[in-house]
Amino acid sequence: MSENAASAEAEWVNWSGSLRFTPRSLAKPRSEAALGHLVRRAAAEGRKLRAVAAGHSSSPPVETDDMQGVLAVDKPKRQADIAAGTSLKAAGEQLHREGLAFHNLGDVDVQTVVGAIATGTHGSGRHLRNLATMLAGGRMMSASGEIIEIEEAALPAARCSLGALGIFSVVRVQLLDAYRLERYEYCARIEDCLAHLDELFEENRNFDFYWYPRSDEAKLRMLNPPGQGSRALAFAHCVSREEGWSHELIARRRQLKFEEMEYALPAEAGVACFRAIHERMKTHHRRDVAWRVLYRHVAADDAFLSPAHGRETVTISLHHNAGLPYAAFFDDIEPVFRAHDGRPHWGKKHSLGAAQLRELYPRWDDFLAWRKRFDPAGLFMSPALQHLLEDGAQ
Ligand SMILES: Cc1cc2nc3c(=O)[nH]c(=O)nc-3n(C[C@H](O)[C@H](O)[C@H](O)COP(=O)(O)OP(=O)(O)OC[C@H]3O[C@@H](n4cnc5c(N)ncnc54)[C@H](O)[C@@H]3O)c2cc1C
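Residues numbered from 1 in each chain as written. Predicted model: local features only at pLDDT ≥ 70, side-chain atom pairs only at ≥ 80, totals over all residues. Heavy atoms only, no water.

S.K.: What's the story with the overall build of the protein chain in this structure? I'm lost.
M.R.: Broken down by element type, the protein chain carries 12 helices and 19 strands. Here the C-alpha atoms of the protein chain give a radius of gyration of 21 Å, agreeing with the 21 Å that 2.2 N^0.38 yields for 394 residues. In terms of overall dimensions, the protein chain has a C-alpha envelope of 65 × 45 × 35 Å along the principal axes. Of the roughly 16,100 Å² of accessible surface on the protein chain, a fraction of 49% belongs to carbon and sulfur atoms. A gap of 3 Å separates the mean positions of the 49 positive and 52 negative side-chain charges of the protein chain. (Helix = DSSP H or I, 4+ residues; strand = E, 2+ residues; numbered from the N terminus. Rg over C-alpha atoms; globule rule 2.2 N^0.38 Å. Areas by Shrake-Rupley, 256 points an atom, 1.4 Å probe, with all protein chains shown as cover. Lys, Arg positive; Asp, Glu negative; His and termini not counted. Charge placed at Lys NZ, Arg CZ, Asp CG, Glu CD.)

S.K.: What is the right way to read the site of the ligand from this model?
M.R.: Near the ligand, the surroundings consist of 34 residues, among which A51, A53, H56, S57 and D107 are the closest. Here H56 contributes a backbone N or O atom positioned 2.6 Å from an oxygen atom of the ligand. Contact between the ligand and T121: an oxygen atom at 2.8 Å from a side-chain N or O atom of the residue. Notes on the ligand: free accessible area 990 Å², of which the protein chains cover 98%. Within the residue set of the shell around the ligand, elements represented by two or more residues are α3 (113-119) and β10 (167-174). If one sorts the elements of the shell around the ligand by residue count, α3 sits on top with four residues. Considered class by class, the residues forming the shell around the ligand number 15 nonpolar, 15 polar and four charged. (Near = heavy atom within 4 Å. Polar contact = N/O pair within 3.5 Å; in protein donor to acceptor, adjacent residues only side chain to side chain. Nonpolar A, V, L, I, M, F, W, Y, C, P; charged D, E, K, R; others polar.)

S.K.: How should I be thinking about the side chain of E334 in this particular structure?
M.R.: Along the polypeptide, E334 turns up in helix α9 (residues 327-339). Comment: no salt bridge for buried E334; closest opposite-charge side chain is R338, at 6.0 Å. Here the side chain of E334 touches S351 through a polar contact of 2.8 Å, side chain to side chain. Non-local contacts of E334, meaning those with residues more than four positions away in its chain, are made with M261, Y263, H350, S351 and L352. (Buried < 20%, exposed > 50% of the residue type's maximum accessible area, 1.4 Å probe, protein only. Salt bridge = Lys/Arg side-chain N within 4 Å of Asp/Glu carboxyl O. Contact = heavy atoms within 4.5 Å.)

S.K.: Is there a simple way to explain helix α1 (residues 32-44) in this structure?
M.R.: For an α-helix, 3.6 residues make a turn, and residues three or four places apart therefore share a direction. With 13 residues, α1 should cover 18 Å at 1.5 Å per step; its first-to-last C-alpha distance of 18 Å lies within 8% of that length. Of all the residues in α1, the buried ones are A34, L35, G36, L38, V39 and A42. On the buried face of α1, the contacting elements are β4 (26-27), β8 (135-141) and β10. (Expected span 1.5 Å × (residues − 1).)

S.K.: Mind showing me how you'd approach the packing of aromatic side chains here?
M.R.: Aromatic rings in a pair are described by how distant their centres are and how their planes are angled relative to each other. On inspection of all chains with the given rule, the structure shows 17 aromatic pairs. Here the aromatic rings of F209 and F274 are separated by 5.5 Å at their centres, their planes lie at 85°, and the arrangement is edge-to-face. Here F209, found in strand β13 (residues 206-212), pairs with F274, found in helix α8 (residues 270-284); they are 65 residues apart in sequence, far enough to count as distant. Aromatic side chains W346 and W364 sit 6.5 Å apart centroid to centroid with 25° between the ring planes, which places their arrangement in the stacked category. Taken together, the residues span a long stretch of sequence, with W346 in the loop between β19 (343-344) and α10 (354-360) and W364 in helix α11 (residues 364-374) at a distance of 18 residues. W364 carries the same exposure label as W346, and that label is buried. Aromatic rings pair up to connect F201, F207, F209, W211, F274 and Y295 into one cluster. Cation over ring: R180 sits above W245, and NZ or CZ is 5.1 Å from the ring centre. Between R343 and the ring centre of Y361, over which it is positioned, the NZ or CZ distance is 4.8 Å. (Phe/Tyr/Trp six-rings, centres within 6.5 Å; stacked < 30°, edge-to-face > 60°. Lys NZ or Arg CZ within 6 Å of the ring centre and 35° of its normal.)

S.K.: Is there a simple way to explain the sheet that holds strand β15 (residues 236-245) in this structure?
M.R.: The pairing of strands in a sheet comes from backbone hydrogen bonds and takes either a parallel or an antiparallel form. The eight strands are arranged β15-β12-β14-β13-β17-β18-β16-β19 in an open sheet whose pairing can be described as antiparallel. Two strands lie at the open edges of the sheet, namely β15 and β19, each paired on one side alone. Examined bridge by bridge, β13 and strand β14 (residues 217-224) share seven bridges and lie antiparallel to one another. Bridge pairing in β14 links F209 to L220. The strands touched by α8 within the sheet are β13, β16 (258-266), β17 (293-298) and β18 (313-321), with β18 carrying the most contacts at an inclination of about 20°. (Pairing = 2+ DSSP bridges. Axes fitted to C-alpha atoms, helices over the stretch in contact; angles between N-to-C directions.)

S.K.: In this structure, what is going on with the environment of D208? I would like to understand it.
M.R.: Examined against the element boundaries, D208 turns out to sit in strand β13. Of the residues examined, D208 reaches a relative accessible area of 7% and is grouped as buried. Note: C-alpha distance between D208 and L265 (57 residues apart in sequence) is 15 Å. If sequence neighbours within four positions are ignored, D208 has contacts with S124, K219, L220, R221, L294, Y295 and R296.

S.K.: How should I be thinking about the pairing of β13 in this particular structure?
M.R.: Within a regular strand, the side chains alternate between the two sheet faces. Extensive coverage of β13 is indicated by the burial of six of its seven residues. In this structure, the hairpin formed by β13 and β14 is closed by a connection of four residues, where D216 is found at a positive phi of approximately 60°. Pairing analysis gives three bridges linking β13 to β17, with the strands arranged antiparallel. Across the sheet, residue F209 finds its bridge partner in β17, namely Y295.

S.K.: Which parts of the structure should I look at to understand unusual backbone geometry?
M.R.: Among all residues save glycine, negative phi is the norm, and among peptide bonds the norm is trans. In this structure, L162 is a non-glycine residue whose phi angle is positive, near 55°. Its location among the elements puts L162 in the loop between α4 (155-158) and β10. Classification of L162 by relative accessible area gives buried; the value is 5%. One non-glycine residue with positive phi stands out, namely A232, at about 45°. When you line up the elements, A232 lands in the loop between β14 and β15.

See below:
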């Protein structure tokens, strides 16, 4: 596509296929100048503009660009400037050649760096914060079509900002020196896993488990610097061991497509919430739902809209095959998450609107104030974002 070309009538479909729409036009700007032209034209025509990236969110707020790659590295500060269209995988490989690495990754690395930051994408580890917290600055196309540098004071709003402040052209991220990890996977009975949960999270850099409803077994996944972490678990049997660099080992490949609902809970409510879901799935969904449930831990942070804002967090996610009806299952379990003070993942299925979400975030109004400062006329407020952030919450 030529620079700034916009195609009419192209359908946009997300990764799992549950979201599809035909925007009036779909554009892939290849430079900041082209992106500026797009933004100014949309503003002049009184239209709305939404950024989408790799389409791995299954919630409606989802244009990104062909600007790719790691643009600059500040080795002493362990920071890098990354173009908005770059995937975590591509960035991870380039950063490795510079001796740097992301502090963590989620389950996959095919999302863009900016998309992961925008929704608070996380991996698992009691002392590891989500990927939004990597954001240390960057450049954003504002609603006026000007490129602005993200100032330090705006970072708590800009991290996890759902594309509501403007369109990032470049993100500056805080990194670690490149590091190696050893990955062990074990299988155990779910009750044995729960009985040892606290020590498993404490002893391992990255730890999470999948519960398989039909067998009532759990797969325990742990990643540590080589030679460290839990070893020879008496209650579990080891099914695999690998060693490699962090960017090769943390994320996995997913072949099967699924729909997902995930909530972030106060850490102390995690086990009780899991037990309530375990019970409900075994009594009500045994026949229809075979997909595993994923239990992870995320450290607290201060981003205004981070699902881990201000509290140590456990996340629990439900999955169901893409293409099969998932709504009845998710709708049935969502109240359990809500009863445990859960906050929904911004990129996954949930039913909440602004009035309910505002109750869950103590700095909600601070985020809205920054949003209005960045985009007073609401150029980036699509109907879906309006529903999530403003309708009925004033
Ligand atoms: C197979 C799979 C595995 C996953 N694993 C995990 C996991 O382990 N942990 C987890 O937390 N989540 C996980 N997710 C969710 C996923 O990480 C998020 O939905 C993520 O936001 C998707 O990124 P994307 O690049 O596809 O962006 P999109 O989904 O296209 O967009 C995400 C958000 O970013 C905004 N955005 C896009 N580009 C820009 C830009 N240039 N400037 C400003 N805003 C922008 C969009 O408006 C939107 O709000 C998974 C999803 C899938 C499908």
